[in-house]
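A closer look at the structure
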Amino acid sequence: MSSQQCKNSESCSGVWCRFRDGQPEYLVRHYWWAYLWRWGVWFFDHQPIINAILFGQYKTLSHRALRDCMKERPEGRMLQLTCAYGSMTPSLLKEMDDELYLMDVADIQLKATRKKLAAMDKERLLCARMNAEYLAYADDAFATVLIFFLLHELPPEARERSISEAIRVLQPGGRLVVTEYGACPKKHLLWRFPVTRWVLQRLEPFLESFWQVDLFAMLDRHARTQGKVIRQVDEFHCFAGFYRVCVFELEQSLE
Ligand SMILES: C[S@@+](CC[C@H](N)C(=O)[O-])C[C@H]1O[C@@H](n2cnc3c(N)ncnc32)[C@H](O)[C@@H]1O
């Protein structure tokens, strides 16, 4: 829907409406300032800022995710499921000598990621604009899929669809690396202190629902529906369990 069409619609009178350009409504409504507004994209894509947002844990989490993607990496293509601020994509490309597939529903994010790359690495980044809920890749297309802090930003139905799609495009024997908030951190200072909890809930409207999810159970349900078997092979926690990096693998098919 174009922004012009939006202005005419009664339900679309907020600032966010101007940023609509084919993305899901939740993204535009709740995150336009962080992912779609050019000054927001400029501001957040600075290492100290993204590190501050993750309470100083960016390096630990990105290094761990990188290690989990690359260590004895299954043979085949790698997909990064949506862009991420910081050095994640450039670091992945530095470690790989083949292509990295990257998709995102926001053009401005794909362009910002490309800008961060050296000329030679740009050629190996295969960008495509698409919705994580409806991936335009074939079944079993990838050997590795990385999801870096996406799931908590999705409303529950979008989260279910994106997980289902991630499993669909992952080949048997393939690896899924998920970097995310940990399980509901009821004992963590940031959760117990009402002000920080309130700020987190305001900035991340779907985090509360993500905290209620049993990640493995959700992955397992979607894998079974598709006749695949998933198992968790690693889980790393940091910042007193506030964040985690989980590694899952699909079992090899017996055929
Ligand atoms: C990976 S998440 C959060 C990343 C994290 N805050 C960071 O930068 O480290 C943010 C990205 O997800 C994208 N995104 C959100 N919902 C999406 C969807 N349904 N399909 C594709 N991309 C989506 C946004 O456009 C944005 O580029």
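Please read all numbers here as calculations on a predicted model, not as lab measurements. (Residues numbered from 1 in each chain as written. Predicted model: local features only at pLDDT ≥ 70, side-chain atom pairs only at ≥ 80, totals over all residues. Heavy atoms only, no water.)

1. A word on a nonpolar patch on the surface
A contiguous nonpolar surface patch, about 500 Å² in accessible area, is contributed by Phe193, Val195, Trp198, Val199 and Leu203. As for its placement among the helices and strands, Val199 is situated in helix H11 (residues 194-203). (Patch = residues over 30% accessible without salt bridge, like charges linked within 9 Å, V, L, I, M, F, W, Y side chains within 5 Å. Areas by Shrake-Rupley, 256 points an atom, 1.4 Å probe, with all protein chains shown as cover. Salt bridge = Lys/Arg side-chain N within 4 Å of Asp/Glu carboxyl O. Helix = DSSP H or I, 4+ residues; strand = E, 2+ residues; numbered from the N terminus.)

2. Focus: the site of the ligand
Within the structure, the ligand sits among 23 residues, and Tyr26, Tyr85, Asp104, Asn131 and Ala132 are positioned closest to it. In this structure, Tyr85 approaches the ligand through a main-chain N or O atom, which is 2.7 Å from an oxygen atom. Out of a free accessible area of 600 Å², the ligand has 96% covered by protein chains. Broken down by secondary-structure element, the contributors of at least two residues to the shell around the ligand are helix H2 (25-36) and strand S2 (100-104). At three residues, the largest contribution of residues to the shell around the ligand is made by H2. Across the shell around the ligand, the residue classes tally to 17 nonpolar, three polar and three charged. (Near = heavy atom within 4 Å. Polar contact = N/O pair within 3.5 Å; in protein donor to acceptor, adjacent residues only side chain to side chain. Nonpolar A, V, L, I, M, F, W, Y, C, P; charged D, E, K, R; others polar.)

3. With respect to the sheet that holds strand S7 (residues 243-250)
The strand order across the open sheet built from seven strands is S3-S2-S1-S4-S5-S7-S6, with neighbouring strands paired in mixed fashion. Two strands close off the open sheet at either side, each with one partner strand: strand S3 (125-129) and strand S6 (230-238). Averaged over neighbouring strand pairs, the angle between their axes works out to 15° when direction is ignored. (Pairing = 2+ DSSP bridges. Axes fitted to C-alpha atoms, helices over the stretch in contact; angles between N-to-C directions.)

4. Observations regarding the pairing of strand S4 (residues 142-148)
Burial runs high along S4: seven of the seven residues are buried. Where strand S1 (residues 78-81) lies against S4, three bridges are found, and the strand directions are parallel. The partner of Met78 across the bridge, within S4, is Thr144. Where S4 and strand S5 (residues 170-181) come together, six bridges link them in parallel fashion. The partner of Val145 across the bridge, within S5, is Leu176. Running through helix H9 (residues 156-169), the crossover from S4 to the neighbouring parallel element S5 is right-handed. (Buried < 20%, exposed > 50% of the residue type's maximum accessible area, 1.4 Å probe, protein only. Right-handed = clockwise from strand over helix to strand, strands pointing away.)

5. Describing the domain arrangement of the protein
Split into domains, the protein comes out as domain 1 (3-36) and domain 2 (47-250). The straight-line distance from the C-alpha centre of domain 1 to that of domain 2 is 24 Å. Tallying the contact residues gives twelve residues for domain 1 and 17 residues for domain 2. Of the roughly 1,100 Å² buried at the junction of domain 1 and domain 2 (both faces included), carbon and sulfur atoms supply 58%. Counting the surface domain 1 buries against domain 2, the share from its top three residues, Tyr26, Tyr31 and Tyr35, is 53%. (Domains from an automatic or database assignment. Contact = heavy atoms within 4.5 Å. Buried area = accessible area lost by both parts, 1.4 Å probe.)

6. Describing the nonpolar core
In this structure, Leu79, Leu81, Leu92, Tyr137, Val145 and Tyr181 are the most contacted members of the largest nonpolar core, which totals 85 residues. Residue-level mapping places this core at the junction of two domains, with at least three residues from each of domain 1 (3-36) and domain 2 (47-250). Ignoring anything within four residues of it in the chain, the contact list for Leu81 reads Met103, Ala132, Leu135, Val145, Leu146, Ile147 and Leu150. (Core = buried A, V, L, I, M, F, W, Y, C linked by side-chain atoms within 4.5 Å.)

7. Here's the deal with H9
Its 14 residues place the ends of H9 20 Å apart at the C-alpha level, agreeing with the 20 Å of an ideal helix rising 1.5 Å per residue. For H9, the full list of buried residues reads Ala158, Arg159, Ser162, Ile163, Glu165, Ala166, Ile167, Arg168 and Val169. (Expected span 1.5 Å × (residues − 1).)

8. Comments concerning the packing of H9 against helix H13 (residues 215-225)
Closest axis-to-axis distance for the H9/H13 pair is 9 Å, and the angle between their directions is 60°. Between H9 and H13, the angle falls in the class oblique. Between H9 and H13 lies a crossing of right-handed hand. For the pair formed by H9 and H13, the contact residues are Arg159, Glu160, Ile163, Ser164 and Ile167 on the first element and Met218, Leu219, Arg221, His222 and Ala223 on the second. Among the residues making up the contact of H9 with H13, the classes are represented as five nonpolar, two polar and three charged. (Parallel < 35°, antiparallel > 145°, perpendicular 65-115°, else oblique. Left-handed = near helix turned anticlockwise from the far one by under 90°.)

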